[in-house]
Amino acid sequence: MSLLQAEVERRGERMFELVDQHPESLFSKAGFYQRMMALSMRDEHFKVQLFRFVDVLASLRRSGDIVQHLDEYFTDMRNGFAPLVRTGVRVAKIVPWISGQLLRWNVSGMARQFIAGKNPDDVMKTLRKRRDQKIGFTVDLLGEAVVSEKEADEYAARCLELLEHLADETQGWTDPLGDGAELFPVVNLSVKISALYSQMNPADPADAIAHLAPKLRPILRRARELGAFINFDMESYAHKNTTLELFKALFTDPEFRDWPHAGIVIQAYLRDAEKDLLDLIDWGRARGTRFTVRLVKGAYWDYEKIKSRQNGWSVPVYLQKPESDVNFETLTRILLENESIVTAAFGSHNVRSIAHAQALADELGIDRSRFEFQLLYGMAGPVKRALVEMDYRVREYCPVGELLPGMSYLVRRLLENTSNEGFLRAKFSENVSAQELLRDPTDLLPESANGAKDFEISGEDRHLRDGAPLDMPPGDTYENAPLVNFVYPENQERMHAALLHVRSQLGQKYPLVIDGEKVWTDKTIASINPSAPDEVVGHVAEAGIPEAERAVRAARQAFEKWSRTPFETRARLLERAADIMQRRRYDLSALEVYEVGKAWAEADGDIREAMDFCLFYAQQMRLIGRPRLTQHVLGEESYQHYWPRGVALVIAPWNFPMAILTGMVSAALVTGNTVIMKPAEPAAVIGAMLMEIFEEAGIPPGVLNFLPGKGSVMGAHLVDHKDVDVIAFTGSREVGLRIWESAGKTREGQRELKRVICEMGGKNAIIIDSDADLDEAIVDTIYSAFGYQGQKCSACSRLIVLEENYPRVMERLLSAAASLRVGNPEEPGITVGPVIDKTAYERIKEYIEIGKGEARLAFQRQDVPEKGFFIPPTIFTNVHPDTRIACEEIFGPVLSVIRVRDLDDAIYVANNTDYALTSGFFSRSPANIERAKAEIVAGNVYINRSCTGAVVGRHPFGGFKMSGGGTKAGGGDYLLNFLVPRVVTENIMRHGFAPEETPPYRDEFLVRR
Ligand SMILES: Cc1cc2nc3c(=O)[nH]c(=O)nc-3n(C[C@H](O)[C@H](O)[C@H](O)COP(=O)(O)OP(=O)(O)OC[C@H]3O[C@@H](n4cnc5c(N)ncnc54)[C@H](O)[C@@H]3O)c2cc1C
């Protein structure tokens, strides 16, 4: 055993002795809370329900609602709690007032365990008690998630107020240790950076810093005058780099350069924590003034893991608990070895981590007065006491705020306390032995943790190798291509470089492609940049009727061979196309920024979706490609299989210019059809790129023909053409219905009934229930309504709000809309860019005028760029459900808010439309959620999330009624639309004799002759 380990054990044991002298269970509050936590640790389902109940409780105003939710959350429990709840609910229904209040009181008690005071006055009582116990403080202001600049400004003002108050009330207080006091001011405020700016976007740290620095300067200035300390707390990974950069920028500023009382947090659970800490130390040395680092493991472990897995990103946190523990110790060493420039604050309740810091400090000869331990209010009381008894400096992290906004904090603490992996549970609830708890975490590292990290493969190149997704599990589950994570500076730089590169290529000419040949025509379509209409993105040759005829002939001819090409070959072609998209990913995204005005993340999402379509349909084709024996019947073989339909005409919209075009084209191709691809005119250059991609992937001549042109002329001609067998259309209702009608007529010489795959618009509604979590509902509604300028067919254009929380929803919604970043999407972090073209611009403006006559214009942004087709985000209230703005598709950043009495009304209004595409519902009532799932009429119903952003394979997308023919792009049955099913049956019995076995498939059925 190393000397250090021996010393860690000695100190750890001493701490445990001291801890055991004041025995305390995991939860100092006895009774209700104790029982809840004990049950949570035994029963995972109960834990989930309890946390959800706690989360909603504070927003419930009426006692009857509390009792109702209690009933919904707990009566189906299969543990001892259920009968209790049932009895409680029965009594409560008779006297709801008493029961509701009792519950609220009990849960408030839980919250009070972790929240040091409701307001600055209240918290002083706690701080004075701690002072008597020789424990210092850092105060943190709890609050709702900040969704607007109004709320951010309020937070900044509250910080200043709190600072003044603390300084006032603590005059004359001295440091409990005396030695080293100059490093540790008495007043210490912890600040949440994300609460100071509502539009923080990981892609745009410069913008965030430009907005945050002016808000922080007055706080820092005042703190310095008052002799206080300011700490920047660390939040989710998305904000980590910005927070670090902001810290460095502010404290390099001449005004604060020589101020030593600033601190920042490093989270040891992050794989890049060591690099960040070393960078900070280098920065600190160059700056020449001390600063502080609070070392913690990190509070967002579950969130980071879930978020990364959802987006296909490398997980930034360690996945094994001992890895975080080991890293904490590595970082402890770095901090202590650099004590000359950085003051260490160890934020942990783990006696092993604490004892290690103590032992190492001793080994390095660092006096205990030069660092401190920080622990959370309401947790690990005996550990704090033990540390004080051992003459260490202890500071308590004290959250201040109302219980309602504090609920998310409470839930995080509850999760932490009941986590299987946590130290506190192990020590105080499960009585794990001291020896076990003090083990060197390096010994606990699992084999795989020492190198082979399962998510280390870069998100960028993870998915394709020899055409096969590396991590695609066998069977029919599909793992999506990852999104680009713009949190990484290198990805931001690549996007900036791509924008420059693509800009240098604007204005080029692109030909038609027919039968593998480039074809130039007299006329061209000029595709322009909607942010700068004098800028031509490219000139694309325009096809007329003669070219359309040529394309049909070429496609017809190529069908002979393509339909007989093995599906595996066709699937591989799609995978090669996805590979090329991945290679050209940033350039393609940049092109979307210029050609259709998409914000960075939206553009990347579109390219990702295009790749997903290729990969997903390739995989789906492999699943359905082989003939399938229909039944095992002796004496007979009956196989079902699919043949392609023929020539497919693909007519795509401009709003998802790569994704939807690729989706329809790749589905048609992989199923063995040949294709005439007509991109939307405003996105014709992106169409040309897709043609180039398929050419590079090796598409044979005639199999895919690129035919941009006028929809009303060339498009209509092809729709009516006797030799076009399938029409895959996504676009407006008007055109869609015309295609549907035309395809119903049979022309002379036509051999097939035309199949139409038709996806049209929506008038999508989001309902906000009276108990909804507004932090989420507001952000997601704003994103659904104004993301990509409201030009997604899935966009929210009607917001239905229940009377009960209407004032609060509107207050937050309007100020959130007022805070949105509107501008040229070349800039990273823009949310609202221009609409697609002049026609759209004028049509939306007209609707806004109509709205002014029909409803109340509650909000309209004024500061939008003059050049370009920028429509200010607009919100109408007092909207009657029958008015035009509430019924007609506007396809722009215009939101109509409809106020309703109750959920019955809300669902009625949501469903009372011609369309059925997407719908959203925000609620925390299990019963209402079940109701919404069953009753909302839409192709895609989204609960407690935005109603846009469908992911291939995960959310098969498409609507019915006037939204479409009921097909689901990106779904398991989509390819069937491009195929005709066929069954071949053979009697294999000869004179009463038949083979016992039938083979699983027959290759001879694969091709159509
Ligand atoms: C005073 C104070 C201030 C804090 N400030 C912040 C802050 O600004 N930002 C922040 O993010 N956190 C902060 N924290 C940390 C956080 O809130 C937790 O309290 C802390 O991470 C718990 O660690 P521990 O050492 O006390 O307990 P332990 O039980 O030893 O560690 C639990 C921690 O290990 C990590 N972990 C759990 N499971 C795994 C796993 N499977 N794989 C890898 N790692 C895992 C998680 O970080 C978890 O929180 C602060 C903590 C304190 C005490």
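The shown structure was predicted, so the numbers you read here are calculated from the model rather than taken from an experiment.

Asks: Please clarify how the pairing of strand E13 (residues 532-541) should be interpreted in this entry.
Replies: The two faces of the sheet receive side chains in turn, since in a regular strand these alternate between them. Here strand E9 (residues 508-510) runs beside E13; their pairing, made up of 3 bridges, is parallel. Looking across to E13, one finds that Lys509 is bridged to His539. Turn length for the strand E12 (residues 524-529)-E13 hairpin, with the two strands adjacent in sequence and antiparallel, is 2 residues.

Asks: Help me understand the packing of helix H19 (residues 489-504) against helix H22 (residues 585-596) in this model?
Replies: Packed helices, taken two at a time, are described by the angle their axes make and the gap between the axes. Across the interface, H19 lies against H22 with an axial gap of 8 Å and an inter-helix angle of 65°. Crossing of H19 over H22 shows right-handed handedness. For the pair formed by H19 and H22, the contact residues are Asn491, Arg494, Met495, Ala498, Leu499, Leu500, His501, Val502 and Arg503 on the first element and Tyr586, Asp587, Ser589, Ala590, Leu591, Val593 and Tyr594 on the second. Classifying every residue of the contact of H19 with H22 gives 10 nonpolar, 3 polar and 3 charged.

Asks: Hey, could you run me through the packing of helix H13 (residues 321-337) against helix H14 (residues 351-363) in this one?
Replies: The geometry of H13 relative to H14 is characterised by a closest axis approach of 10 Å and an angle of 30° between their N-to-C directions. The angle between the axes of H13 and H14 places the two elements in the roughly parallel class. The chirality of how H13 crosses H14 is right-handed. On H14, the residues touching Phe328, Glu329, Thr332, Arg333 and Leu336 of H13 are Arg352, Ser353, His356, Ala357, Leu360, Ala361 and Glu363. Its residues assigned to classes, the contact of H13 with H14 shows 5 nonpolar, 3 polar and 4 charged.

Asks: I would appreciate a short explanation of the environment of Gly964 in the present structure.
Replies: Mapped onto the elements, Gly964 comes out in the loop between strand E29 (960-961) and strand E30 (979-987). When the C-alpha positions of Gly964 and Glu759 are compared, they lie 4.3 Å apart, and in sequence the two are 205 residues distant. In this view, Gly964 contacts Cys758, Glu759, Met760 and Gly959; residues no more than four positions away in its chain are not counted.

Asks: Quick question: what am I supposed to make of the nonpolar core here?
Replies: Grouped together as the largest cluster of nonpolar side chains are 154 residues, with contacts concentrated most on Tyr617, Phe694 and Ile767. Here this core gets 13 residues from one element, more than from any other, and that element is helix H23 (residues 600-624). Not counting residues up to four positions away in its chain, the partners in contact with Ile767 are Ile800, Leu802, Leu903, Ala906, Ile907, Ala910, Gly920, Phe921, Phe922 and Ile936.

Asks: What's the story with the site of the ligand in this structure? I'm lost.
Replies: Around the ligand sit 31 residues, and of these Gly298, Ser324, Ser348, Asn350 and Phe423 come closest. Contact distances for the ligand include 3.0 Å between a nitrogen atom and a backbone N or O atom of Leu319. One nitrogen or oxygen atom from the side chain of Ser324 is found 2.6 Å from a nitrogen atom belonging to the ligand. Taking 940 Å² as the accessible area of the ligand by itself, protein coverage stands at 94%. Of the residues that constitute the shell around the ligand, the class distribution is 13 nonpolar, 10 polar and 8 charged.

Asks: Quick question: what am I supposed to make of H13 here?
Replies: Here H13 contains 17 residues, and its C-alpha end-to-end distance of 25 Å stays within 8% of the 24 Å for a straight helix at 1.5 Å per residue. Within H13, 13 of the 17 residues are buried, which leaves it mostly tucked inside the rest of the structure.

Asks: Help me understand the pairing of strand E17 (residues 674-678) in this model?
Replies: Within E17, 5 of the 5 residues are buried, which leaves the element mostly enclosed by the surrounding structure. Burial along E17 is two-sided: the residues Thr674, Ile676 and Lys678 and Val675 and Met677 are all buried. Following the backbone out of strand E16 (residues 647-651), through helix H24 (residues 659-670) and into the adjacent parallel E17, one traces a crossover that is right-handed. Pairing analysis gives 3 bridges linking E17 to strand E18 (residues 704-706), with the strands arranged parallel. In the sheet register, Ile676 faces E18, and the bridge partner there is Asn705. Traced from E17 through helix H25 (residues 684-697) to E18, the parallel crossover comes out right-handed.

Asks: For this particular structure, what's the right way to read unusual backbone geometry?
Replies: Negative phi is the rule for most residues except glycine; trans is the rule for most peptide bonds. Not every positive phi belongs to a glycine, and Asp391 is a case in point at roughly 70°. For Asp391, the position within the fold is in the loop between helix H15 (381-389) and strand E8 (394-400). By relative accessible area, which is 51% here, Asp391 ends up exposed. Not every positive phi belongs to a glycine, and Asp515 is a case in point at roughly 55°. Locating Asp515 in the fold gives a position in the loop between strand E10 (512-514) and strand E11 (517-519).

Asks: Please clarify how the side chain of Ser742 should be interpreted in this entry.
Replies: Mapped onto the elements of the fold, Ser742 is located in helix H27 (residues 733-743). Here Ser742 is in contact with Val719, Asp720 and Arg747, once residues within four sequence places are set aside.

Asks: Looking at this structure, how should I read the environment of Gln750?
Replies: Structurally, the position occupied by Gln750 is in the loop between H27 and strand E20 (755-759). Put simply, Gln750 and Asp723 are 27 residues apart on the chain and 6.3 Å apart in space, counted from C-alpha to C-alpha. What Gln750 contacts, discounting residues up to four positions off in sequence, is Lys722 and Lys745.

Asks: Would you mind going over the packing of aromatic side chains with me for this structure?
Replies: The geometry of an aromatic ring pair comes down to the distance between the two centres and the angle between the two planes. Summed over the entire model, instances satisfying the criterion amount to 30 aromatic pairs. Consider the rings of Tyr73 and Phe74, whose centres lie 6.4 Å apart with planes at 45°: the pair is tilted. By the burial criterion, Tyr73 is buried, and Phe74 matches it. One aromatic cluster is present, built from ring pairs that chain together Phe232, Phe247, Phe251, Phe256, Trp259, Trp283 and Phe291. The ring of Tyr409 has Arg413 sitting right over it, with the charged end atom 4.8 Å from the ring centre. Lys427 extends its terminal NZ or CZ atom over the ring of Phe428, reaching a point 5.9 Å from the ring centre.

Asks: Where do I start with the confidence of the model for the protein in this structure?
Replies: Note that predicted coordinates carrying low pLDDT should not be read in detail. The share of residues in the protein with pLDDT of 70 or more is 95%, and the mean pLDDT across the chain is 92. Contacts of residues 450-475 to residues separated by more than four positions or lying in other chains number 52 contacts, the stretch itself having pLDDT below 50.

Asks: Looking at this structure, how should I read the pattern of salt bridges?
Replies: Opposite charge on two side chains lets them pair, provided their charged atoms get close. Across all of its chains, the model carries 77 salt bridges by this definition. With a closest N to O distance of 2.8 Å, Arg583 and Glu696 form a salt bridge. You can see Arg583 sitting in helix H21 (residues 567-583) and its partner Glu696 sitting in helix H25, a full 113 residues away along the chain. By relative accessible area, Glu696 is classed as partly exposed at 43%. If you follow the salt bridges from partner to partner, you end up with Glu7, Arg10, Arg11 and Asp362 in one network.

Rules and cut-offs
Residues numbered from 1 in each chain as written. Predicted model: local features only at pLDDT ≥ 70, side-chain atom pairs only at ≥ 80, totals over all residues. Heavy atoms only, no water. Pairing = 2+ DSSP bridges. Helix = DSSP H or I, 4+ residues; strand = E, 2+ residues; numbered from the N terminus. Axes fitted to C-alpha atoms, helices over the stretch in contact; angles between N-to-C directions. Left-handed = near helix turned anticlockwise from the far one by under 90°. Contact = heavy atoms within 4.5 Å. Nonpolar A, V, L, I, M, F, W, Y, C, P; charged D, E, K, R; others polar. Parallel < 35°, antiparallel > 145°, perpendicular 65-115°, else oblique. Core = buried A, V, L, I, M, F, W, Y, C linked by side-chain atoms within 4.5 Å. Buried < 20%, exposed > 50% of the residue type's maximum accessible area, 1.4 Å probe, protein only. Near = heavy atom within 4 Å. Polar contact = N/O pair within 3.5 Å; in protein donor to acceptor, adjacent residues only side chain to side chain. Areas by Shrake-Rupley, 256 points an atom, 1.4 Å probe, with all protein chains shown as cover. Expected span 1.5 Å × (residues − 1). Right-handed = clockwise from strand over helix to strand, strands pointing away. Phe/Tyr/Trp six-rings, centres within 6.5 Å; stacked < 30°, edge-to-face > 60°. Lys NZ or Arg CZ within 6 Å of the ring centre and 35° of its normal. pLDDT = per-residue confidence, 0-100. Salt bridge = Lys/Arg side-chain N within 4 Å of Asp/Glu carboxyl O.

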